[in-house]
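# Topology and contacts: notes
What follows is each chain in one-letter form.
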Amino acid sequence: TFLEDEMILVVPARHPWARRRQVAAQELEHADFLAREPGSGTGAIYEAALAAHGVRLPPPLRMGHSRAIVASVAAGAGVAIASALVARPFLDARRIVHVPIHGVEIRRAFSSIHRPGRTISSLDRRLLRVLSARPRPRL
């Protein structure tokens, strides 16, 4: 594992939830929800975490790229759960707001996998060191 990412609920800056300290997970069932395409690992992670809290998301508007989802949230199209790493520029520009989901924390790890018996090149090792040293997003 070389990097840990948090999946966060993001809402448009002018959304009613933007001024709240947190939302209940069940409130997502009534939201205009933007999501990754079926089969996405990102979607599977947050869907499983919410299902553990008894939440079933409404039929979402689906998109094939996380950055497109966050940009659509910024444009007011709905709410989404997205990577904090992807959301950071939009959060910094105050175009979206991170609103915690009460009692729900969603994290995922990024790992390097290599075949047994194969050596890792010096360039690959250097890339993994850079990625591991990357500052964590501040939320």
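Scope of this entry: the structure provided in the associated data block. (Residues numbered from 1 in each chain as written. Predicted model: local features only at pLDDT ≥ 70, side-chain atom pairs only at ≥ 80, totals over all residues. Heavy atoms only, no water.)

A few words on the nonpolar core. With 22 residues, the main nonpolar core has Leu9, Trp17, Leu28, Tyr46, Leu50, Ile81 and Ile101 as its most contacted residues. At the level of elements, β1 (3-12), β2 (33-36), α1 (41-51) and β4 (79-83) are the ones that each hand at least two residues to this core. For Ile81, the contacting residues outside a window of four places in its chain are Met7, Ile8, Leu9, Leu28, Phe33, Tyr46, Leu50, Ile101 and Ile106. Residues Val10, Ala80, Ala84 and Phe90 belong to the second largest nonpolar core, which totals 16 residues. (Core = buried A, V, L, I, M, F, W, Y, C linked by side-chain atoms within 4.5 Å. Buried < 20%, exposed > 50% of the residue type's maximum accessible area, 1.4 Å probe, protein only. Helix = DSSP H or I, 4+ residues; strand = E, 2+ residues; numbered from the N terminus. Contact = heavy atoms within 4.5 Å.)

Time to look at the pairing of β4. Along β4, five of the five residues are buried, which leaves the element largely enclosed by surrounding structure. The pairing of β1 with β4 spans four bridges and is classified as antiparallel. From the neighbouring strand, Leu9 faces β4, where its bridge partner is Ile81. Bridge count between β2 and β4: two bridges; the pairing is parallel. Its bridge partner lying in β4, Leu34 is registered against Ala80. (Pairing = 2+ DSSP bridges.)

Turning next to the packing of aromatic side chains. Within the structure shown, the criterion is met by one aromatic pair. Residues Phe33 and Tyr46 carry aromatic rings whose centres are separated by 5.9 Å and whose planes lie at 65° to one another, so their mutual orientation is edge-to-face. On the criterion of sequence distance, the pair formed by Phe33 in strand β2 and Tyr46 in helix α1 is long-range, its members being 13 residues apart. Since its relative accessible area comes to 1%, Tyr46 is described here as buried. (Phe/Tyr/Trp six-rings, centres within 6.5 Å; stacked < 30°, edge-to-face > 60°.)

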